[in-house]
Every structure is written in C-alpha cells, then in structure tokens.
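Now for the letters of each chain:
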Amino acid sequence: MRISQCREEDLELLDQHMPFRGAASHHGARYARQQEGRATFLVAWRERRPVGSCEVRWEGCEAPEVRAAHPGCPEVNGLGGWPETLRSLGVGTALIHEAERLATGRGCQAIGLGVEKNNPRASALYSRLGYHASLPYLDCWSYQDGAGVAHRVADACVFMVKPL
Ligand SMILES: CC(C)(COP(=O)(O)OP(=O)(O)OC[C@H]1O[C@@H](n2cnc3c(N)ncnc32)[C@H](O)[C@@H]1OP(=O)(O)O)[C@@H](O)C(=O)NCCC(=O)NCCS
C-alpha cells in the first residue's frame, strides 16, 4: 500500500472507486481545499486503485467550540476505506500515521479527529492509536447528491485528540 497526496488526475478514480452518498463534487471539494493550502488530501492506494482517503484540515475542526478548546490543532476529516472487503487491513491506521507525520513536520503539538457517538469501532481504533475523547460537539455539514439535491446533516460527535 502507498499513500500520496491527491493529484487532480486522481479525482476521477476516487469518484469511481470511493463513492460518497452520490455526491459528485465530494472529492473535488477536498482537493480544492488542498489547492488553497488549507488541507492535505491523502489517498491510500493498492496498486492503481484508491482504497482509502482522509483530509488533514490545517485550520482545525469547523466547530467553533472545538477550535476554541484546541487552537492550532489540525483535524483528520473524512477518514474512510473502500471497499468494505479491504477494511481491517491497516489502511485507516496508515492514513492516520501519515497525517500525524505531516502534522509533526509542521510543528503541531497535537492532532485531532471527530468521531460519531454511534461509531464505537472507529472510536476503539482511535483509542488504540493514542487518541483520547476531549469534547462532544455537533458536526454540521452539507452535500449535494448526484441529482443536485442539497442535504444538510448534523452528526453528534466527540472530538478526540492525540498529543504529538
Ligand atoms: C474506520 C475506518 C476508516 C478504518 O479503516 P481500516 O482500514 O478498516 O482500519 P485499520 O485496518 O487500520 O484498523 C481496523 C480497525 O478499524 C475499525 N473498523 C473496522 N471496520 C470498521 C467499520 N466498518 N466502521 C468503523 N470502524 C471500523 C475497527 O476498530 C478495526 O479494528 P478490528 O479489525 O480489530 O475490529 C474504516 O473501517 C471505514 O471506512 N469505516 C466506515 C467509515 C467510518 O466509520 N469512518 C470513520 C469516521 S470517524
């Protein structure tokens, strides 16, 4: 497995292999933030197929209460592996380790991520990797599906932090 920063020519493969609730521009939006210098969009590859991704948001979590509690703490956002048959093989762990390596290189003293309260398996993974629960917050975000319909989502989450 190899991890690299997303390139423009990777977007089509990401949309093809890692669908996201029918949202056509999902990966494009993450790539655009990377181009603006606000994020690093990491992609895990198995041969020539993308099998996982995450976005390191250098400005931190969007929720103001999380940013206030953890100023200067980047966030690993949108961690996911696809297809399901390739989960539990270390892809998620490798993406998190690469995000931590980049954050350390930038002099960050901590890194964090939000996990939905109803996702105990993901929480267990992050705890094993050294993250501890810090504060609950509501993750409010929206996306447009393939038919152009806008969806607004509010997920009850816990922000987890790891000192670097
Ligand atoms: C969570 C996820 C990114 C982890 O990636 P991964 O490549 O499976 O992770 P690793 O192989 O490094 O670690 C495996 C651990 O991930 C967790 N995990 C595995 N499958 C999972 C799933 N479907 N949902 C949530 N967590 C999962 C478990 O703790 C697992 O440990 P186990 O195999 O001992 O049960 C991936 O499983 C996934 O995309 N899940 C669905 C989306 C999701 O829940 N994203 C997290 C948002 S905070």
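Our subject is the structure that appears above.
Residues numbered from 1 in each chain as written. Predicted model: local features only at pLDDT ≥ 70, side-chain atom pairs only at ≥ 80, totals over all residues. Heavy atoms only, no water.

Peer 1: Let's hear about the site of the ligand: which residues, and what values?
Peer 2: Lining the immediate environment of the ligand, one finds 17 residues, of which G81, S88, G90, T93 and N119 sit closest. Here an oxygen atom of the ligand sits 3.3 Å away from a polar atom, N or O, in the side chain of R87. In the model, an oxygen atom of the ligand is placed 2.9 Å from a nitrogen or oxygen of the R128 side chain. When the ligand is considered free in solution it has 810 Å² of accessible area, and contact with the protein chains removes 74% of it. If you list the elements that add at least two residues to the shell around the ligand, you get strand 4 (75–81), helix 4 (91–105) and helix 5 (120–128). Looking at side-chain class alone, the shell around the ligand contains six nonpolar, eight polar and three charged residues. (Near = heavy atom within 4 Å. Polar contact = N/O pair within 3.5 Å; in protein donor to acceptor, adjacent residues only side chain to side chain. Areas by Shrake-Rupley, 256 points an atom, 1.4 Å probe, with all protein chains shown as cover. Helix = DSSP H or I, 4+ residues; strand = E, 2+ residues; numbered from the N terminus. Nonpolar A, V, L, I, M, F, W, Y, C, P; charged D, E, K, R; others polar.)

Peer 1: Can you explain unusual backbone geometry? Please cite residues and give values.
Peer 2: Between W82 and the following residue, P83, the backbone shows a cis peptide bond with an omega angle of 5°. Relative to the helices and strands, P83 resides in the loop between strand 4 and helix 4. Residue E47 is not a glycine yet carries a positive backbone phi of 50°. With respect to the helices and strands, the residue E47 is situated in the loop between strand 2 (39–46) and strand 3 (49–57). E47 gets classed as exposed once you look at its relative accessible area, which sits at 71%. Non-glycine residue S88 carries a positive phi angle of around 65°. Positionally, S88 belongs in the loop between strand 4 and helix 4. (Buried < 20%, exposed > 50% of the residue type's maximum accessible area, 1.4 Å probe, protein only.)

Peer 1: Which residues make up helix 2 (residues 26–35), and what values do they have?
Peer 2: Residues of helix 2 that are buried: H26, H27, R30, Y31, R33 and Q34. The arc enclosing the buried residues of helix 2, seen along the axis, measures out at 155°, which places them on a common side. The inward-facing, buried residues of helix 2 contact strand 1 (2–5), helix 1 (11–17), strand 2, strand 3 and strand 4. One or two steps after helix 2, the chain reaches G37, where phi turns positive at roughly 80°. (Arc of directions from axis to C-beta. Contact = heavy atoms within 4.5 Å.)

Peer 1: Give a description of the sheet that holds strand 4 that names residues and reports values.
Peer 2: A sheet is described by the order of its strands in space; here seven strands give the open sequence 1-2-3-4-5-7-6, paired in mixed fashion. Edge strands, defined here as strands with exactly one partner in the open sheet, are strand 1 and strand 6 (132–144). On average, adjacent strands in this sheet sit at an angle of 30° to one another, irrespective of strand direction. Contacting strand 1, strand 2, strand 3 and strand 4, helix 2 runs over the sheet at an angle of about 125° to strand 2. Its contacts with the sheet place helix 5 against strand 4, strand 5 (110–116) and strand 7 (150–163), and it is angled at close to 165° to strand 5. (Pairing = 2+ DSSP bridges. Axes fitted to C-alpha atoms, helices over the stretch in contact; angles between N-to-C directions.)

Any functional reading would require information beyond the geometric quantities listed.
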